[in-house]
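Given next are the chains, with one letter for each unit.
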Amino acid sequence: MAGLEDLKDVIASEGAAPTADGAAPIAAEVVLREPKIDDLGRSYATGKRKNSIARVWIKPGNGKVTINGRDQEVYFARPVLRLIIRQTFEVAERIDGYDVVATVKGGGLSGQAGAVRHGISKALTYYEPALRAPLKAAGFLTRDSRVVERKKYGKAKARKSFQFSKR
């Protein structure tokens with residue numbers, strides 16, 4: 001049966017020198033992916049939220065966001081929806097650093113804004129792989145899988161029952 005001394009020999013033979021307390025050092029190699037940039041200098045990603053699907057292209061620019069051929073102030077009239085889109089650039093500290101062109105289909109405006117944010121986040125990580133860690137920590141790379149629950153038979157909605165009558 002191998003003892004602790006035998007383990008130290010194995011660690012030393014693999015090239016990792018033990019630290020002062022005898023423990024093996026933790027290898028913290030961060031492997032950055034290759035940027036995915038097309039011939040026009042853009043990165044493409046697909047974002048999803050509820051029933052909305054957004055196709056997003058980003059390229060270096062002055063921060064212009066175009067959605068379905070319209071400016072973001074026209075398409076997303078509510079400031080909250082524009083704030084959702086801007087969150088990705090604020091976390092990545094790249095405000096007014098990229099132009100965004102997006103086409104979005106399906107769902108309502110809230111779901112579409114979430115889909116565009118998801119697409120921008122993924123496209124940013126393709127353009128600058130170093131931004132993956134802060135965007136992942138903020139939760140922008142995870143597809144929000146919550147969708148509307150289906151209506152059940154014998155019910156008014158998914159869970160609501162019809163009014164109960166005793167007689």
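Residues numbered from 1 in each chain as written. Predicted model: local features only at pLDDT ≥ 70, side-chain atom pairs only at ≥ 80, totals over all residues. Heavy atoms only, no water.

## What to know about the sheet that holds strand 2 (residues 52-60)
The following threshold applies: For two strands to pair, DSSP has to find at least two bridges joining them. Secondary structure follows DSSP: runs of H or I at least 4 residues long count as helices, runs of E at least 2 residues long count as strands, and numbering of each begins at the N terminus. Two residues form a contact once any of their heavy atoms are found within 4.5 Å. The convention used is that axes are lines fitted to C-alpha atoms, helices contributing only their stretch in contact, and that angles between N-to-C directions extend from 0 to 180 degrees.
Pairing within the open sheet is mixed, and its 5 strands lie in the order 1-2-5-3-4. Looking at which strands have only one partner, the edges of the open sheet turn out to be strand 1 (43-49) and strand 4 (70-71). The sheet contact formed by strand 1 and strand 2 spans 7 bridges and is antiparallel. When the bridges of strand 2 are listed, G47 appears paired with A54. Packed onto the sheet, helix 4 (residues 109-127) meets strand 1, strand 2 and strand 5 (98-105) and runs at close to 145 degrees relative to strand 1.

## Digging into the nonpolar core
We apply this condition: Only buried residues count toward a nonpolar core. Its members are Ala, Val, Leu, Ile, Met, Phe, Trp, Tyr and Cys residues joined through side-chain atoms within 4.5 Å. Each residue gets one of three labels from its accessible area relative to the maximum for its type: buried under 20%, exposed over 50%, partly exposed in between, using a 1.4 Å probe on protein chains only.
In this structure, I58, I67, I120 and L124 are the most contacted members of the largest nonpolar core, which totals 28 residues. Of all elements in the fold, only strand 2, strand 3 (65-67), helix 3 (79-92), strand 5 and helix 4 reach the threshold of two or more residues within this core. Tallying contributions element by element places helix 4 first for this core, with 7 residues. If we skip the residues at most four places from it in the chain, I67 touches Q72, Y75, F76, I85, A102 and V104.

## As for the pattern of salt bridges
Threshold: Any Lys or Arg side-chain nitrogen located within 4 Å of an Asp or Glu carboxyl oxygen qualifies as a salt bridge.
Taken as a whole and judged by the stated rule, the model has 7 salt bridges. When the shortest N-O distance is used, the salt bridge between R49 and D144 registers 3.5 Å. Residue R49 is found in strand 1, and its partner D144 is found in the segment after helix 5 (132-138); the two are separated by 95 residues along the sequence. In the salt-bridge network here, residues are joined through shared partners; they are R49, D144 and R146.

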